[in-house]
Amino acid sequence: MGLEVPHVTGYLTQHFADDAYAGIDGYVGAGGYGALRRALDMAPGDVTELVKGAGLQGRGGAGFSTGTKWSFMPENSEKPKYLVCNADESEPGSFKDRILMERGPHQVLEGILIAAWATGAEKTFIYVRGEYALPAARLERAIAEAHEREFLGERICGKDFAHDVVLMRGAGAYICGEETGLLESLEGKKGQPRKKPPFPAQFGAFGMPTTVNNVETFSHVPHIVANGVEWFRGFGTEKSPGNTVFGVSGQVRRPGLFELPLGTPLDEIVFEHAGGPLEGRQVKGVIPGGMSMPILPANLLDVPMANEFLRERKTMLGTGGVVVMDDRTCMVRASCVIAYFFRDESCGQCTQCREGTGWIHKIVERIERGAGSSEDIEILQDITEKMEGQTICAFADAAAWPIQGMLRHFRDDFVEHVNRGKCPFPESFEL
Ligand SMILES: Cc1cc2nc3c(=O)[nH]c(=O)nc-3n(C[C@H](O)[C@H](O)[C@H](O)COP(=O)(O)O)c2cc1C
Ligand code: SF4
């Protein structure tokens, strides 16, 4: 069964209640593929400039300027150029790409086609998380429908523009969401991230110049082309324009998806849109952007959800996956779950990551059991600092940051475990 329609909708999700929108008739009926026609009347470089001017930032986690990324693709390449749509969505707490694929697969395809025109790419590989059966099926159907209506194929919209889209299913590894791990997996190899440089724009899928963008990033593109830069900049903040789809999970009354402008305060998302904590409970902490982003305590939730503000509080927007924990939660147990995930998912190439994630889990688990010491807390902090910025990919940072956030804001939970020699939160979830 699919996800519910988002509780709050905007330009990305406004038609998602209409089942027909996932099919080509419903999509075209709502004005779909009009932006593609408009883009095809523009010079490719002008489309890239438009997206750059709109200030669209990638929604896959790193928040890099999409137009700038497109401009890295070589203009005159003897090799074929490719696009990759990153639909791996394996970050715990993130589930927005899923609904974008299930309910708006043609919106994703139209964004891909506009990007293909802008960058001169002849083929796109969509890499879908293995567990996402329905999103993959909806996309497959959309690809077939787009071929039938000549939105894909040799002469798209009757123009001298050819493009094809190939869908590939992953096999459930978080690291295959990292763009170069994804490229390796796409090529049939072990999903281990590549050293950079060379970057994908020079040496990407099968060695060809490649641009990798996230599902949501592509979904914004038709709206920018259809409505223009000023319109898009009317949503969000000056530095972070546009809407995004926040996925809220955890201990709230109304978990789910909410399409809201970037810069919406985190406390508004948690307390108003998601209905706040459950009966008789209080919010203890909130992870703002998927599990790899540092947690914020209840007194720091009055922050606009945009990187320029979140960075001041030593965290980031990530994927916009908001995870709410209430006052029953043991933050050492929560850290243990996080640490176990990263230990399990490390690809093992870099010593700091392979060993660091193992040590973090071992020490956090010891503290949770009541067998930890004060020194363990210091060692934990030290290990996380030694993992940052040292490795082939950002996974090691993603494993270190959430633990640093826990120690920054919930150190007392760790100290209490050490002092009492047991977990002081009997009502917390079980490990
Ligand atoms: C460990 C790790 C996992 C990632 N997983 C995903 C993912 O599931 N989906 C995604 O779009 N980006 C993921 N990323 C980010 C990608 O490497 C890449 O930055 C992104 O796909 C670029 O698209 P964007 O510019 O449109 O955001 C991950 C990065 C890391 C380090
Ligand atoms: S940081 Fe971790 S996941 Fe990334 S390449 Fe190194 S070992 Fe693999």
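What counts, and where the lines are drawn
- Each chain carries its own residue numbering, running from 1 in the direction its sequence is written.
- A letter from A marks each chain and a number from 1 marks each ligand, given out in the order of writing.
- The predicted nature of this model means local features are confined to residues of pLDDT at least 70 and side-chain atom pairs, given and counted, to a pLDDT of 80 or more, with totals for whole chains, interfaces and linings taken over all residues.
- To obtain the side-chain values, all non-hydrogen atoms of the structure were used and water was disregarded.
- The criterion is simple. A nonpolar core is a set of buried Ala, Val, Leu, Ile, Met, Phe, Trp, Tyr and Cys residues joined through side-chain atoms within 4.5 Å.
- Here the term buried applies to any residue with accessible area under 20% of the maximum for its type, exposed to any over 50%, and partly exposed to those in between, with areas from a 1.4 Å probe on protein chains only.
- Only DSSP runs of H or I with at least four residues qualify as helices, and only runs of E with at least two residues qualify as strands; both kinds are numbered from the N terminus onward.
- Contact criterion: two residues are considered in contact whenever any of their non-hydrogen atoms come within 4.5 Å of each other.
- Here is the rule: rings of Phe, Tyr and Trp (six-membered ring for Trp) pair when centre to centre is within 6.5 Å. Planes less than 30 degrees apart are stacked, more than 60 are edge-to-face, and the remainder are tilted.
- Here, over-ring charges are defined by two tests on the NZ atom of lysine or the CZ atom of arginine: distance to the ring centre within 6 Å, and angle to the ring normal within 35 degrees.
- The working definition used for a salt bridge is a side-chain nitrogen of Lys or Arg within 4 Å of a carboxyl oxygen of Asp or Glu.
- In this scheme, strands are said to pair when DSSP sees at least two bridges between them.
- The convention used is that axes are lines fitted to C-alpha atoms, helices contributing only their stretch in contact, and that angles between N-to-C directions extend from 0 to 180 degrees.
- If a single non-hydrogen atom of a residue is within 4 Å of a molecule or strand, that residue counts as near it.
- We call two N or O atoms a polar contact when they sit within 3.5 Å, provided that within protein one can donate a hydrogen and the other can accept it, with sequence-adjacent residues counted only if both atoms are side-chain atoms.
- The definitions used throughout rest on a 1 Å grid laid over the protein atoms alone, on which a cavity is an enclosed set of points accommodating a 1.4 Å probe that cannot get out and a pocket is an open set flanked by protein within 12 Å on both sides along at least five of seven lines; lining residues are those having an atom within 4 Å of a point.
- In this description, a molecule resides in a pocket or cavity if more than half of its atoms sit within 2 Å of the grid points defining it.
- Note on residue categories: nonpolar means Ala, Val, Leu, Ile, Met, Phe, Trp, Tyr, Cys or Pro, charged means Asp, Glu, Lys or Arg, and polar means any other residue, Gly included.
- For this classification, under 35 degrees means roughly parallel, over 145 means roughly antiparallel, 65 to 115 means roughly perpendicular, and everything else is oblique.
- Two helices cross in a left-handed way if the nearer one is turned anticlockwise from the farther one by less than a right angle. They cross in a right-handed way if the turn is clockwise.

## Brief notes about the nonpolar core
Consideration 1: The biggest cluster of nonpolar side chains holds 56 residues, and the ones touching the most others in it are Tyr 33, Leu 36, Leu 109, Ile 112, Ile 114, Ile 126 and Val 128.
Consideration 2: When residues of this core are assigned to their parent elements, the largest contribution, nine residues, is made by helix α6 (residues 105-119).
Consideration 3: Beyond its immediate chain neighbours, meaning those up to four positions away, Ile 112 contacts Leu 83, Cys 85, Thr 124, Ile 126, His 163, Val 165 and Phe 218.
Consideration 4: Formed by 40 residues, the second largest nonpolar core is a distinct cluster that contains Cys 353, Ile 363, Val 364 and Ile 403.

## Examining the packing of aromatic side chains
Consideration 1: In the structure shown here, the tally under the stated rule is 18 aromatic pairs.
Consideration 2: A ring pair is formed by Phe 64 and Phe 72, whose centres lie 6.1 Å apart and whose planes are at 40 degrees; its orientation type is tilted.
Consideration 3: For Phe 72, a relative accessible area of 44% gives the class partly exposed.
Consideration 4: Above the plane of the ring of Trp 359 lies Lys 362, whose end atom (NZ or CZ) is 4.6 Å from the centre.

## Points about the pattern of salt bridges
Consideration 1: With the rule as written, the count across this model stands at 27 salt bridges.
Consideration 2: Salt-bridge contacts for Arg 411 lead to Glu 378; the nearest nitrogen and oxygen are separated by 3.1 Å. Linking Arg 411 in helix α16 (residues 395-420) with Glu 378 in helix α15 (residues 374-387), this pair joins segments that are 33 residues apart in sequence.
Consideration 3: Note on Glu 378: relative accessible area 46%, which makes it partly exposed.
Consideration 4: Salt bridges here are not isolated pairs; linked through shared partners, they connect Arg 59, Lys 96, Asp 97 and Glu 216.

## Quick word on the sheet that holds strand β8 (residues 296-297)
Consideration 1: The mixed open sheet is built from five strands, whose spatial order is β6-β5-β9-β7-β8. The open sheet terminates on both sides in strands that have one partner only, identified here as β6 (256-261) and β8.
Consideration 2: Its contacts with the sheet place helix α11 (residues 266-273) against β5 (243-250), β6, β7 (283-287), β8 and β9 (321-326), and it is angled at close to 120 degrees to β7.

## Quick notes on unusual backbone geometry
With the exception of glycine, the majority of residues adopt a negative phi angle, and the majority of peptide bonds are in the trans configuration.
Consideration 1: In the segment running from Lys 196 into Pro 197, the intervening peptide bond is cis, with an omega of -5 degrees.
Consideration 2: Tracing the backbone through its elements, the reader meets Pro 197 in the loop between α8 (179-186) and β4 (210-214).
Consideration 3: Here the residue pair Pro 197 and Pro 198 is connected by a cis peptide bond, since its omega of 5 degrees sits within 30 degrees of zero.
Consideration 4: For Tyr 33, which is not a glycine, the phi torsion comes out positive at approximately 70 degrees.
Consideration 5: When you line up the elements, Tyr 33 lands in the loop between α1 (24-29) and α2 (34-40).

## With respect to the site of ligand 1
Consideration 1: Taken together, 18 residues are adjacent to ligand 1, and Gly 60, Lys 69, Asn 213, Asn 214 and Thr 217 come closest.
Consideration 2: Contact between ligand 1 and Asn 214: an oxygen atom at 2.8 Å from a side-chain N or O atom of the residue.
Consideration 3: The site holding ligand 1 turns out to be the largest pocket.
Consideration 4: Among the elements that take part in the shell around ligand 1, β4 stands out by supplying three residues, more than any other.
Consideration 5: Looking at the shell around ligand 1 residue by residue, the class counts come to four nonpolar, eight polar and six charged.

## Observations regarding the sheet that holds strand β3 (residues 164-169)
Consideration 1: On the basis of which strands lie adjacent, the open sheet formed by four strands has the order β3-β2-β1-β4 and parallel pairing. Strands with a single pairing partner mark the edges of an open sheet, and in this sheet they are β3 and β4. Taking the axes of each pair of neighbouring strands and ignoring which way they run, one obtains an average angle of 20 degrees across the sheet.
Consideration 2: Note that strand β1 (residues 82-87) and strand β2 (residues 123-128) share six bridges and pair parallel. The partner of Asn 86 across the bridge, within β2, is Tyr 127.
Consideration 3: This element, α6, spans β1, β2 and β3 of the sheet and lies at about 150 degrees to β1.
Consideration 4: Here helix α7 (residues 133-148) sits on the sheet and contacts β2 and β3; the angle it forms with β3, its principal contact strand, is near 165 degrees.

## Details of the packing of α15 against α16
Consideration 1: Where α15 contacts α16, the axes come no closer than 9 Å and their chain directions differ by 165 degrees. The orientation of α15 with respect to α16, classified from their angle, is roughly antiparallel. α16 is crossed by α15, and the crossing has left-handed handedness. In this structure, α15 contributes Ser 374, Ile 377, Glu 378, Leu 380, Gln 381, Thr 384, Glu 385 and Met 387 to the contact, and α16 contributes Ala 396, Ala 399, Ala 400, Ile 403, Gln 404, Leu 407, Arg 411, Phe 414, Val 415 and Val 418.

## Details of the side chain of Asn 213
Consideration 1: Looking at where Asn 213 falls in the secondary structure, it is placed in strand β4.
Consideration 2: Polar side-chain contacts of Asn 213 include one of 2.9 Å to the side chain of Trp 70.
Consideration 3: Dropping the residues within four chain positions of it, Asn 213 is found in contact with Thr 66, Lys 69, Trp 70, Val 84, Cys 85, Asn 86 and Phe 218.

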